[in-house]
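Chains, contacts and geometry: an overview
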Amino acid sequence: MSDKGQAMDHPHIGLAVLSAGAMALALSAGLSFLGLIGKVDGFLESWIAPESMVSPPNFLNPIELWGGSALLAFLLPAVILNVPGLWRRLVIWIFTFALTLAWGPVLLLASHKPEIGVALVAVLWSGVCAMFYTTNHALPVDKTPTNNHGAS
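Every chain begins its residue count from 1, and numbering advances along the sequence as written. Per-residue local features of the predicted model are confined to residues with pLDDT of at least 70, and side-chain atom pairs are confined, for both listing and counting, to 80 or more; whole-chain, interface and lining totals are unaffected and use all residues. Side-chain calculation: all heavy atoms of the structure are included, whereas hydrogens and water are not.

**Considering the side chain of Asp 41**
Strands are runs of DSSP state E lasting at least 2 residues, helices are runs of H or I lasting at least 4, and numbering of each runs from the N terminus. Looking at the secondary structure, you find Asp 41 in helix α3 (residues 36–48). Between buried and exposed lies partly exposed: a residue is buried under 20% and exposed over 50% of the maximum accessible area for its type, with that area taken using a 1.4 Å probe on protein chains only. In summary, the charge assignment counts Lys and Arg as positive and Asp and Glu as negative, without counting His or the chain termini. Salt bridge, as used here: a side-chain nitrogen of Lys or Arg that lies within 4 Å of a carboxyl oxygen of Asp or Glu. Buried charge without a partner: Asp 41 forms no salt bridge, and the closest opposite charge is Lys 113, 10.0 Å away.

Below, the structure is given as structure tokens:
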């Protein structure tokens, strides 16, 4: 039996979820440290807000921002790795990204700056990691159930 066959027999879904979430948060933290998240947030604000609108005075609480991003970074791969089928996984990933992006206008309406770059990076990267894992491992949800109840 080859190494790929052994890896496909015993997927470690919990470890994959933890790894994908941790890598997504580490990437978000690194990009934030380099100042690139601020540029993403500035682009989103200029893209979402009308030109006549004054820049919102309020900022998001960093604990809420990073806590929500961590929640997304760990829950998205957990859902993707426990749903059968490539198309279903892609729909969940795209819908989660779109829903996260849709918080930008909501924050503007609440007089907050749309600082969702951290969450967007976390959703993108945790989704990439989860989808990569699904292409290299046979997950239990993808295995067809065997019929042991007689002839069919």
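**Remarks on the nonpolar core**
In summary, soluble globular proteins display a tendency toward joint burial of nonpolar side chains. Counting nine residues, the largest nonpolar core consists of Ile 37, Leu 44, Leu 60, Leu 65, Leu 107, Ile 116, Val 118, Leu 120 and Val 121. Of all the elements in the fold, those that place two or more residues in this core are α3 and α7 (117–136). The element that contributes the greatest number of residues to this core is α7, accounting for three residues. In this structure, Val 118 is in contact with Ser 28, Ile 37, Leu 65, Trp 66 and Ser 69, ignoring residues within four places of it in sequence. The nonpolar core is taken to be a set of buried Ala, Val, Leu, Ile, Met, Phe, Trp, Tyr and Cys residues, with the residues joined through side-chain atoms within 4.5 Å. Should any heavy atoms of two residues lie within 4.5 Å, those residues are considered in contact.

**Digging into the packing of helix α4 (residues 62–80) against α7**
An axis is simply a line fitted to the C-alpha atoms; with a helix, the fit covers only the stretch in contact. Between two such axes, the angle follows the N-to-C directions and lies from 0 to 180 degrees. Relative to each other, α4 and α7 sit at 20°, their axes nearing to 9 Å. One way to sum up the angle between α4 and α7 is to call them roughly parallel. The two elements α4 and α7 cross, and the hand of that crossing is right-handed. Between α4 and α7, the contacting residues are Leu 65, Trp 66, Ser 69, Leu 72, Ala 73, Leu 76, Pro 77 and Ile 80 on the first element and Val 118, Ala 119, Ala 122, Val 123, Ser 126, Gly 127, Ala 130, Met 131 and Thr 134 on the second. Just so you know the grouping, Ala, Val, Leu, Ile, Met, Phe, Trp, Tyr, Cys and Pro go in nonpolar, Asp, Glu, Lys and Arg go in charged, and all remaining residues, Gly too, go in polar. Taken together, the residues of the contact of α4 with α7 break down into 13 nonpolar, four polar and no charged. In this scheme, roughly parallel covers angles under 35 degrees and roughly antiparallel covers those over 145, while 65 to 115 is roughly perpendicular and the rest are oblique. A clockwise turn of the near helix away from the far one marks a right-handed crossing, whereas an anticlockwise turn of less than a right angle marks a left-handed crossing.

**Things to note about the side chain of Ser 126**
Tracing the sequence through the fold places Ser 126 in helix α7. With relative accessibility at 0%, the residue Ser 126 sits in the buried group. Definition of a polar contact: a pair of N or O atoms within 3.5 Å, with one able to donate and the other able to accept a hydrogen when the atoms are protein atoms, and with sequence-neighbouring residues admitted only if both atoms are side-chain atoms. One polar contact links the side chain of Ser 126 to the main-chain carbonyl oxygen of Ala 122, over a distance of 2.8 Å. Contact partners of Ser 126, with chain neighbours within four places excluded, come to Ala 20, Ala 24, Leu 72, Ala 73, Leu 76 and Pro 77.

**Digging into α3**
The end-to-end C-alpha distance of α3 is 18 Å, a good match for the 18 Å that 13 residues give at a rise of 1.5 Å each. Among the residues making up α3, those that are buried are Ile 37, Asp 41, Leu 44 and Glu 45. The buried residues of α3 occupy one face: seen down the axis, they fall within an arc of 100°. More than 90 degrees from the buried face of α3, the exposed residues found are Lys 39, Phe 43, Ser 46 and Trp 47. Elements that come into contact with the buried residues of α3 comprise α2 (13–34), α5 (86–101) and α7. How far a helix is expected to stretch is found by multiplying one less than its residue total by 1.5 Å. Of all possible arcs, the one meant is that of the directions from the helix axis to the C-beta atoms.

Without other data, these values stay purely geometric and don't point to any function.
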